[in-house]
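# Examining the three-dimensional arrangement
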Amino acid sequence: MPISILLRMFQVFYVYILSNKNNNVLYTGFTNDIYRRTLKHKNGLQGKFTKTYKVNKLVYFESHNSADEALHREYLLKRWKRKWKNELIESINPNWRDLFDDFVGEREIPDNIRE
């Protein structure tokens with residue numbers, strides 16, 4: 001089996017929710033590299049909305065085995081009421097802490113995070 005097919009079979013896609021310091025603004029996104037994408041948000045390199053509202057705290061994420069599945073979930077979450085999103089976040093992160101801290105010990109922060 002070609003390596004490209006094997007890589008696609010084991011690729012993971014993420015739907016994530018970011019918040020700002022006061023937890024009053026939410027952003028829902030999709031990526032295949034949650035570490036890199038969160039770094040971009042934290043450094044103001046990923047999108048005007050998150051930069052403007054300083055939305056850079058990873059408060060929720062979930063993994064999916066296919067891009068289609070993750071994109072569909074992102075589509076649904078973006079249409080949820082704020083109350084439902086809060087309940088989802090609090091189901092795994094009741095204190096709204098930055099979950100990115102869990103990744104920092106696992107990987108080095110690259111000098112240049114631009115793709």
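Scope of this entry: the structure provided in the associated data block. Within any chain, residue numbers begin from 1 and follow the written order of that chain's sequence. Totals for whole chains, interfaces and linings use all residues, but because this is a predicted model, local features are given only for residues with pLDDT of at least 70 and pairs of side-chain atoms are given and counted only at 80 or more. The side-chain figures draw on all heavy atoms in the structure; neither hydrogens nor water molecules are used.

## As for the overall build of the protein chain
Worth spelling out the cut-off: Only DSSP runs of H or I covering at least 4 residues are called helices, and only runs of E covering at least 2 are called strands; the numbering of each starts at the N terminus. Partly exposed describes any residue whose relative accessible area lies between the buried limit of under 20% and the exposed limit of over 50%, with all areas from a 1.4 Å probe on protein chains only and scaled to the type maximum. Pairs of residues are marked as contacts when any of their non-hydrogen atoms sit within 4.5 Å. Note on areas: Shrake-Rupley, 1.4 Å probe, and residue coverage restricted to the protein chains presented here.
Helix and strand content of the protein chain: six helices and three strands. Counting from the amino terminus, the protein chain carries its helices and strands in the arrangement α-β-β-α-α-β-α-α-α. Relative to its 115 residues, the protein chain shows a buried fraction of 36%. Taking the contacts inside the protein chain whose residues are at least 6 apart along the sequence as the reference set, 66% of them involve residues at least 24 apart. Accessible surface computed for the protein chain: about 7,500 Å², of which carbon and sulfur atoms make up 50%.

## Details of the nonpolar core
To keep it simple, the criterion reads: Side-chain atoms within 4.5 Å are what join buried Ala, Val, Leu, Ile, Met, Phe, Trp, Tyr and Cys residues into a set we call a nonpolar core.
Grouped together as the largest cluster of nonpolar side chains are twelve residues: Tyr14, Tyr16, Leu18, Val25, Ile34, Tyr35, Leu39, Val55, Leu58, Leu99, Phe100 and Phe103. Not counting residues within four places of it along the chain, the set of residues in contact with Leu58 comprises Tyr16, Ile17, Leu18, Ile34, Thr38, Arg97, Asp98, Leu99, Phe100 and Phe103. Core analysis: the second largest hydrophobic core is formed by eleven residues, Ile17, Leu26, Ala70 and Leu77 among them.

## Here we look at helix α2 (residues 34-42)
Taking burial as the measure, the nine residues of α2 include seven buried ones, the bulk of the element. Within the sequence span of α2, burial applies to Ile34, Tyr35, Arg37, Thr38, Leu39, Lys40 and His41. Gly44 occupies a position one or two residues after α2 and carries a positive phi of about 65°.

## Comments concerning the packing of aromatic side chains
Just so we agree on the cut-off: Stacked, tilted and edge-to-face are the three classes assigned to paired rings of Phe, Tyr and Trp, where Trp is represented by its six-membered ring and a pair needs centres within 6.5 Å; plane angles under 30 degrees give stacked, over 60 edge-to-face, the rest tilted.
For the structure shown, the criterion picks out seven aromatic pairs. When the centroid spacing of 5.4 Å and the interplanar angle of 25° are considered together, the rings of Tyr35 and Phe100 count as stacked. In this pair, Tyr35 sits in helix α2 while Phe100 sits in the loop between α5 (82-92) and α6 (101-104), placing the two residues 65 residues apart along the sequence. The class of Tyr35 is buried, set by a relative accessible area of 3%. With a centroid separation of 4.9 Å and 45° between ring planes, the pair formed by Phe49 and Tyr53 is classed as tilted. Its relative accessible area of 45% is what places Tyr53 among the partly exposed residues. Counting every residue linked through ring pairs, the aromatic cluster contains Tyr16, Tyr27, Phe49 and Tyr53.

## Overview of the pairing of strand β2 (residues 26-31)
Consecutive side chains of a regular strand alternate in pointing toward one face of the sheet and then the other. Here is the rule: The criterion for strand pairing is that DSSP finds at least two bridges linking the strands in question.
Note that strand β1 (residues 13-19) and β2 share six bridges and pair antiparallel. Within β2, the position partnered with Tyr16 by the bridge is Gly29.

## Points about the pairing of strand β3 (residues 57-64)
By the criterion of burial, β3 is predominantly enclosed, with six of the eight residues buried. Of the strand pairs in this sheet, β1 and β3 are connected by seven bridges, and their pairing is antiparallel. Residue Ser19 lies in a different strand from β3, and its bridge partner there is Lys57.

## Topic: unusual backbone geometry
A positive phi angle is found at Asn23, which is not glycine, with a value near 60°. Note on Asn23: relative accessible area 22%, which makes it partly exposed. For Trp96, which is not glycine, the phi dihedral falls at a positive 55°. Here Trp96 is to be found in the loop between α5 and α6.

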